[in-house]
Amino acid sequence: MIQELRAALMGVTVYREILSKPLMKSARVLLDTLTESNGEAALEAYTALFYEMRQAGCTGLGGWLWDQLRYEESPYSRALGRGRTDPVLETAARNDVEALLQLAKLDCGRFITALRAILPEEFVPVLKSLPRWENDVPFDFQRLTEFYARNGAGLFARYQAFLWSQGRLIPVAEPDCPSEDELMGYTTQRDQVVANTRAFLSGQRVNDVLLYGDSGTGKSATVKSLLSVPGFENLRLIEVEKDGLRDIPGLIRSLGGRQQKFILFIDDLAFDQDDNTYSAVKTILEGGLERRPDNVAIYATSNRRLLVRQTFSDRCGDEVDVQETIQEKTALSDRFGLRIPYLALSKPEFLDLVECMAEQTELELDKETLRREAVKWDMRFPGRTPRSAQHLIASLRAR
């Protein structure tokens, strides 16, 4: 049985990446050394296999393989995730999974019995005390295939949020995604963003979105909260740092054809006049020779409506068509089809917001005193925004 299993694993083709994992290396060394009757090396491989399994937080090979096969991209998972079928690839993947499942189902007693036959007598106490792992398997090839067809594979099947930094994707296991109950004010603006995103998820071509306005009004929170909206499970949010804007075309290219929908989120977008990333963003929004995939949209926030900073010297330079140049540079915001303003609240709106936040946090303060404190706070810290209201409530609770 051990020799046949060793041979089957040597024939794995589609899931070869899994064989390179430390745990699987230990498993293959165990099979190799048992076949060669190298008892001490086999014992070392057995204990290493148990260690790697528990390091991964698994109690058996079946659970470990279930995670690896679901979230490690392979030719088969990529094909299914993009809606393609390939009978040859499917057969190869099925054979690989069957070989891996044979390994997971093998009882530890078989290994220990084989070790007993090739080790000296002094190892008997060690073999009796060896820890064992579970040999149950929580999946089969059909269930794995259904998972790929429903969720895709790789990082995008496992995570909803990512950072794009220095040319690579970094998964965010626990993204900061406020729920609707945590967002205060600006309901009309948020409804527009949600409606645009819902249409995007339904397969329609939608507008890129620019949320602009005063700092602290909840622009970024609005975008991040999309991941907590019911029915948006197929949405993936990728926050792009400004330094990574030039690499976005490569990222966009890699997202095409996948079943998930991707929002590339550029937070606090603004440019100096000579900023060399300006043209990159312009090309992304306008489109170049290469068409942007239908499953990718751009959402950005900015404290500036026109995005590009201007100085008086820009208007008084020696360029002949200076006004035309200024208009061309400041028109970048017009390339966002949906532009949503987030402006500071009026005084009555700010006072109502403070009352609402005080009620949510169970702040024990009468209405008249609370409003008086809010007016004083607004005079000391101008800016009637949800962030300012949060700071006021925190200050009052600390007293």
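Above this text is the structure in question.
As a starting point, this report considers the structure included with it. Throughout this description, residue numbers start from 1 for each chain and increase along the sequence as written. A pLDDT threshold of at least 70 governs which residues receive local features in this predicted model, and a stricter bar of 80 or more applies before side-chain atom pairs are shown or counted, although totals over entire chains, interfaces and linings include all residues. Values shown for side chains rest on all heavy atoms present in the structure; no hydrogens or waters enter the calculation.

With that settled, the discussion passes to the layout of surface pockets. A pocket here means an open set of points on a 1 Å grid, computed over the protein atoms alone, that has protein on both sides within 12 Å along at least five of seven lines. A cavity is instead a set of points where a 1.4 Å probe fits but cannot get out; residues with an atom within 4 Å of a point line either one. Grid points are joined across faces, edges and corners, and a volume is the space filled by probe spheres set on the points. When its volume is computed, the largest pocket comes out at roughly 540 Å³. Around the largest pocket, the lining is made up of 28 residues, and of these G216, G218, A221, P386 and Q390 lie nearest the centre. All amino acids are sorted into three groups, where Ala, Val, Leu, Ile, Met, Phe, Trp, Tyr, Cys and Pro are nonpolar, Asp, Glu, Lys and Arg are charged, and the leftover types, Gly among them, are polar. Residue composition of the lining of the largest pocket, grouped by class: eight nonpolar, 13 polar and seven charged.

With that settled, consider the pattern of salt bridges. Every case where a carboxyl oxygen of Asp or Glu lies within 4 Å of a side-chain nitrogen of Lys or Arg is listed as a salt bridge. All chains considered together, the criterion is met by 17 salt bridges. One salt bridge in this structure joins R78 and E73, with 3.7 Å as the shortest N-O distance. Each residue's exposure class comes from its accessible area (1.4 Å probe, protein chains only) as a fraction of the maximum for that residue type: buried when under 20%, exposed when over 50%, partly exposed otherwise. The class for E73 is partly exposed, based on a relative accessible area of 25%. Residues participating in the shared-partner salt-bridge network are E73, R78 and R258.

Here the focus is the packing of helix α19 (residues 367-380) against helix α20 (residues 386-397). Look at α19 against α20: their axes get within 11 Å of each other, and the N-to-C directions meet at 120°. Judged on the interaxial angle alone, α20 and α19 are oblique. Both α19 and α20 take part in a crossing whose hand is right-handed. Across from L370, E373, A374 and W377 in α19, the residues of α20 making contact are S388, H391, L392, I393, S395 and L396. The residue inventory of the contact of α19 with α20, partitioned by class, reads six nonpolar, three polar and one charged. Orientation is described by lines fitted to C-alpha atoms, with helices fitted over the stretch in contact, and by angles between N-to-C directions that extend from 0 to 180 degrees. Secondary structure is summarised from DSSP: a helix means a run of H or I of at least four residues, a strand means a run of E of at least two, and numbering begins at the N terminus for each. Any angle between 65 and 115 degrees counts as roughly perpendicular, while under 35 counts as roughly parallel, over 145 as roughly antiparallel, and the rest as oblique. If you view the pair so one helix is near and one far, a crossing is left-handed when the near helix is turned anticlockwise from the far one by less than a right angle, and right-handed when it is turned clockwise. Contacts are assigned to residue pairs that have any heavy atoms within 4.5 Å of one another.

What follows deals with unusual backbone geometry. The backbone of S37 sits at a positive phi, close to 60°, despite the residue not being glycine. For S37, the location among the structural elements is in the loop between α3 (22-35) and α4 (39-55). Given the relative accessible area of 48%, S37 is considered partly exposed. Its identity as a non-glycine residue notwithstanding, Y186 has a phi of 55°, on the positive side. For Y186, a relative accessible area of 8% puts it in the buried group.

Let us look at the nonpolar core. Of all hydrophobic cores here, the largest spans 56 residues; its most connected members are Y15 and F111. Broken down by element, the residue count for this core peaks at eight residues, all from helix α7 (residues 87-105). If sequence neighbours within four positions are ignored, F111 has contacts with I2, L30, L31, L34, Y46, L103, L106 and W133. By nonpolar core is meant a set of buried Ala, Val, Leu, Ile, Met, Phe, Trp, Tyr and Cys residues that side-chain atoms within 4.5 Å join together. Counting 37 residues, the second-largest nonpolar core is a separate cluster that includes A161, V193, V209 and I340.

This next bit is on the environment of A394. You can see A394 is positioned in helix α20. Sequence separation between A394 and L363 is 31 residues, and the spatial gap between their C-alpha atoms is 9.6 Å.

In this analysis, strands are considered paired if DSSP registers two or more bridges between them. Spatially, seven strands are ordered β2-β1-β4-β5-β6-β3-β7 in an open sheet, and the strand pairing comes out mixed. Both outer strands of the open sheet, β2 (168-172) and β7 (338-342), are each paired with one neighbouring strand and no more. Across the sheet, the axes of successive neighbouring strands diverge by a mean angle of 25°, strand direction being ignored. Bridge count between strand β4 (residues 235-240) and strand β5 (residues 261-266): five bridges; the pairing is parallel. Of the residues in β5, the one forming a bridge with L235 is K261.

Before going further, it helps to spend a moment on the side chain of T197. Among the secondary structure elements, T197 is positioned in helix α12 (residues 187-201). A polar contact of 2.9 Å, which involves the side chain of T197, links it to the side chain of Y299. Discounting residues that sit within four places of it in the chain, T197 has contacts with L226, F232, L235, I263 and Y299. Polar contact is defined as a pair of N or O atoms within 3.5 Å, subject to the rule that within protein one atom must be able to donate a hydrogen and the other to accept it, and that residues adjacent in sequence are counted only when both atoms are side-chain atoms.

Here we take up the pairing of β4. In summary, the side chains of a regular strand alternate between the two faces of the sheet. Buried residues dominate β4, accounting for five of its six residues. Bridge count between strand β1 (residues 161-165) and β4: four bridges; the pairing is parallel. Within β4, the residue paired with L163 across the bridge is E239. Handedness of a crossover is defined as follows: with both strands directed away from the viewer, a clockwise route from the first strand across the helix to the second makes it right-handed. Between β4 and its parallel partner β5, the chain crosses via helix α14 (residues 248-255), and the hand of that crossover is right-handed.

Stacked, tilted and edge-to-face pairs are distinguished by plane angle, under 30 degrees for stacked and over 60 for edge-to-face with tilted covering the rest, among Phe, Tyr and Trp rings (Trp via its six-membered ring) whose centres lie within 6.5 Å. What the rule picks out here adds up to 13 aromatic pairs. Between Y76 and F141 the ring centres are 5.6 Å apart and the planes differ by 20°, which places this aromatic pair in the stacked class. Residue Y76 is found in helix α6 (residues 75-81), and its partner F141 is found in helix α10 (residues 141-151); the two are separated by 65 residues along the sequence. Taken together, W66, Y71, Y76, F139, F141, F147 and Y148 form an aromatic cluster joined through their ring pairs. Sitting over the face of the ring of F147, R70 holds its NZ or CZ atom 5.6 Å from the ring centroid. We count a charge as sitting over a ring when the NZ of a lysine or the CZ of an arginine lies within 6 Å of the ring centre and within 35 degrees of the ring normal.

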